[in-house]
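Below, each chain spelled out in residue letters.
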Amino acid sequence: MDGALRTRKVISEQRRYCEAKARDRNLNLFVPEAFIRGIRHIGYKSNLEALSELVDNSIQAYSERVDLLFNFASEGSTARPTQLAVVDDGHGMAPAMLRFAMMWGGTHRENDREGLGRFGYGLPCATVSMGRRFSIYSKVERGATHVVTLDLDLLDNDAYRNNDGELEIPPARRAHLPDFVSNALAQSHPGGWKSGTVVVIDKLDRLDWTTAAGLRRNLVRHFGVAYHKLLRATSIYIDGERVRPIDPLFLSPDAELFGLDEDHAHALDSVTMTIDGELGDARGSVTLRYAWLPPSFGAIDKSRDAIGINANSRFPILKHYHGIIFSRNGRIVDIQSRTPWTTFINNDRYIRVEIEFSAGLDEAFGVTTAKQQVSLSREMWDLLRAAGLPKAIEHLRQKVRSAKADRTTASRPAVASTSTSVVASPSSTKSHAIEPASPLDVKVLTGRILREFAPEAALDALLAKILVRIRLGRAEHAADYDSLLREWASDMRAGHLPLPAGAEAPKVTVKTRGRS
Ligand SMILES: Nc1ncnc2c1ncn2[C@@H]1O[C@H](COP(=O)(O)OP(=O)(O)OP(=O)(O)O)[C@@H](O)[C@H]1O
Ligand SMILES: [Mg+2]
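It should be emphasised that the depicted structure is a prediction, and the values quoted were computed from it without experimental measurement.

Asks: What's the story with the site of ligand 1 in this structure? I'm lost.
Replies: Lining the immediate environment of ligand 1, one finds 25 residues, of which Asn57, Thr107, His108, Arg118 and Tyr121 sit closest. At a separation of 2.6 Å, an oxygen atom of ligand 1 approaches a polar side-chain atom of Thr107. Take Arg118: an N or O atom from its main chain is 2.7 Å from an oxygen atom of ligand 1. For the shell around ligand 1, the elements supplying multiple residues, two or more each, are helix 3 (47-60), helix 4 (95-102) and helix 5 (122-128).

Asks: What is the right way to look at empty space enclosed by the protein in this model?
Replies: To locate leftover empty space, one rolls a probe as large as a water molecule over the atoms. Under the defined criterion, the tally for this structure stands at three cavities of 30 Å³ or more. Approximately 450 Å³ is the volume attributed to the largest cavity. Considering the residues around the largest cavity, the lining is formed by 32 residues, among which Asn57, Met93, Ala101, Arg109 and Leu123 are closest to the centre. Elements supplying a minimum of two residues to the lining of the largest cavity: helix 3, strand 2 (83-88), helix 4, helix 5 and strand 6 (196-204). No other element matches helix 3, which puts six residues into the lining of the largest cavity.

Asks: Would you mind going over the sheet that holds strand 4 (residues 146-151) with me for this structure?
Replies: Hydrogen bonds between backbone atoms are what pair the strands of a sheet, whose relative direction is either parallel or antiparallel. Pairing is mixed across the open sheet formed by eight strands, whose spatial order is 5-4-3-6-2-1-7-8. Among the strands making up the open sheet, the edge pair consists of strand 5 (173-174) and strand 8 (241-242). Pairing geometry for strand 2 and strand 6, over five bridges, is antiparallel. Counted as the bridge partner of Ala85 is Val200 from strand 6. With respect to the sheet, helix 4 is in contact with strand 3 (131-139) and strand 4, its orientation differing from that of strand 4 by roughly 20 degrees. Relative to the sheet, helix 7 (residues 179-188) contacts strand 1 (65-71), strand 2 and strand 6, its axis offset from that of strand 1 by approximately 140 degrees.

Asks: Any chance you could explain the layout of surface pockets here in plain terms?
Replies: Counted as a void, the second largest pocket has a volume near 740 Å³. Broken down by secondary-structure element, the contributors of at least two residues to the lining of the second largest pocket are helix 8 (212-226), helix 16 (455-472) and helix 17 (475-493). In terms of residue count, the dominant contributor to the lining of the second largest pocket is helix 17 (seven residues). When its residues are assigned to classes, the lining of the second largest pocket shows 12 nonpolar, five polar and eight charged.

Asks: I keep staring at the sheet that holds strand 9 (residues 266-276) and nothing clicks. Help me out?
Replies: Across the sheet, which stays open at both edges, the five strands sit in the order 9-10-13-11-12 with mixed pairing between neighbours. In this open sheet, the two strands that pair with only one neighbour each are strand 9 and strand 12 (331-336). Put simply, the sheet's adjacent strands are angled 20 degrees from each other on average, direction ignored. Pairing between strand 11 (residues 324-328) and strand 12: five bridges, direction antiparallel. Following the sheet pairing, Ile324 is matched in strand 12 by Gln336.

Asks: Explain the packing of aromatic side chains to me, please; I cannot follow it from the model alone.
Replies: Given two aromatic rings, their pairing is described by the distance between the two centres and the angle made by the two planes. This model, assessed by the stated rule, comprises five aromatic pairs. Ring geometry for Phe326 versus Phe365: centroids 6.2 Å apart, planes at 65 degrees, classification edge-to-face. In this pair, Phe326 sits in strand 11 while Phe365 sits in helix 10 (residues 362-365), placing the two residues 39 residues apart along the sequence. Comparing Phe326 with Phe365 shows no difference in burial state: the two are buried.

Asks: Would you explain the environment of Ala311 in this entry?
Replies: Here Ala311 shows up in the loop between strand 10 (283-292) and helix 9 (315-320). Between the alpha carbons of Ala311 and Ile300 there is a distance of 5.9 Å; along the sequence they are 11 residues apart. Excluding its chain neighbours within four sequence positions, the residues that come into contact with Ala311 are Gly298, Ile300, Ala306 and Lys465.

Asks: Can you help me understand the confidence of the model for the chain in this one?
Replies: Low pLDDT marks regions whose predicted coordinates should not be analysed in detail. Confidence in the prediction of the chain, expressed as mean pLDDT, is 84, and 85% of residues score 70 or more. Taken as a whole, residues 414-437 scores under 50 in pLDDT and shows 23 contacts with residues more than four places along the chain or in a different chain. Low pLDDT, under 50, characterises residues 500-516; the predicted model gives this stretch five contacts beyond four residues in sequence or across chains.

Asks: Looking at this structure, I do not really get the pairing of strand 3. What am I missing?
Replies: Side chains on a regular strand alternate between the two faces of the sheet. Burial within strand 3 is extensive, with seven of its nine residues counted as buried. Inspection of the sheet shows strand 3 paired to strand 6 by eight bridges, in the antiparallel sense. In the strand pairing of strand 6, Tyr137 is matched with Val198. Direction of pairing for strand 3 relative to strand 4: antiparallel, over a ladder of six bridges. Directly across from Ile136, in strand 4, lies its bridge partner Val148. The turn linking strand 3 back onto strand 4 is made up of six residues, and Arg142 within it adopts a positive phi angle of 65 degrees.

What counts, and where the lines are drawn
- Residues numbered from 1 in each chain as written.
- Chains lettered and ligands numbered in written order.
- Predicted model: local features only at pLDDT ≥ 70, side-chain atom pairs only at ≥ 80, totals over all residues.
- Heavy atoms only, no water.
- Near = heavy atom within 4 Å.
- Polar contact = N/O pair within 3.5 Å; in protein donor to acceptor, adjacent residues only side chain to side chain.
- Helix = DSSP H or I, 4+ residues; strand = E, 2+ residues; numbered from the N terminus.
- 1 Å grid on protein atoms, 1.4 Å probe; cavity = no way out; pocket = protein on both sides within 12 Å on 5 of 7 lines; lining within 4 Å.
- Points joined across faces, edges and corners; volume = space filled by probe spheres on them.
- Pairing = 2+ DSSP bridges.
- Contact = heavy atoms within 4.5 Å.
- Axes fitted to C-alpha atoms, helices over the stretch in contact; angles between N-to-C directions.
- Nonpolar A, V, L, I, M, F, W, Y, C, P; charged D, E, K, R; others polar.
- Phe/Tyr/Trp six-rings, centres within 6.5 Å; stacked < 30°, edge-to-face > 60°.
- Buried < 20%, exposed > 50% of the residue type's maximum accessible area, 1.4 Å probe, protein only.
- pLDDT = per-residue confidence, 0-100.

Structure below.
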């Protein structure tokens, strides 16, 4: 089906749906205010999963480009956004569809299994999980831009009650896009924005990251992995930064981190099974992909373990996507480190397993409305067992174990010959792990990294680590890092380059320690 034809098909499906709804005269928000406020806490794991719902919608509207934009208070700092917008250039929505898109349960694709959405909850649940007001702007080709807005604060003032006392979403009205959105569109679509949808969230009171930089960095990584199979058709930009695909199995040559260094993932044959009758009415396919990684895969200095500053930019992916990765219709929805027969331990970071399933099997995989987790039925686990999953996991573990053993053997003679190679030996992991790196080592290592990698990418990776520590570390460490970053930002802005004032102090320590 060509693009224009499929767009017409979707728009006419939306129109039919709206006409049927209008006949029902069912334009009420059928839930009381308390329910809407309660649903804010429906439990997205984080803003990342909530924003994925909006990106899912944009992808399903055949968008070529999706932008997540941040807007800041005009006189405030650029640290914390005051508005978020997800902007796409998909087929858009006819004005009558807008109020249904805003309603809980409003969908033109009820129980559809072909794409990413099927429940009619994604858009309203995701938006109110982050802020107290949201607006949906949309435009179909050759149409005008219309908007609907829901402000939770106005709910309490009866602003949405009609004459019969029922809650009702006001109809869509013609509108101009907010300036920060139209400015961004002028850049991203110099030929004009022909159609598409913009969801703006403001009164942001539930952001998990305190800075736009933190949110951006996490989104770039999260979306890079979650949408790595879909980014070819739809590109995603976060605050101007393009999301690059990251295959968490490191098997795709055109994905990020594949060619970071000489280490490569080793694939095992993938297995596809078609389910038709084995699980009642459920129909669909499941593909199991496998890979194992050499033990040095996450390390910068390959002779040492991927610990602390020797961890490369692959390491956070190994750590975070640790367990079986579940992908539904091409979008990663969950990672689970427990199966009925085995639990993934730290060493299993080097074995990679992905289960790709079609949405026709949602019930068997226990997919919930938020599409952020799976909970497999016993029958589904049994089918996976029959497809050889436990054996494959053991086989991958064996591969990793023997690669480790080979590496240990290879480095053993060196261990005996010089004192420096003691540090290089994986067999000395323990002593090396507890021995704090001297500041001199840090400087040498930093120099080496900056020669080896693009300084910008290296700085990005370092900042990402610091932000993770701020988020996950102990409170006093978080405060230290936070003030360090603020100081660094103000020094940079004030033009204190290349080293901020006061940087001499650690240097002195370096020399003293180095000599003693
Ligand atoms: N970016 C978009 N472009 C075009 N139409 C959209 C867009 N976002 C939402 N819609 C319309 O609004 C409806 C509601 O979206 P919503 O995300 O709430 O539900 P859904 O995607 O149908 O199901 P799910 O709850 O599984 O996400 C969609 O069915 C679609 O008709
Ligand atoms: Mg949706």
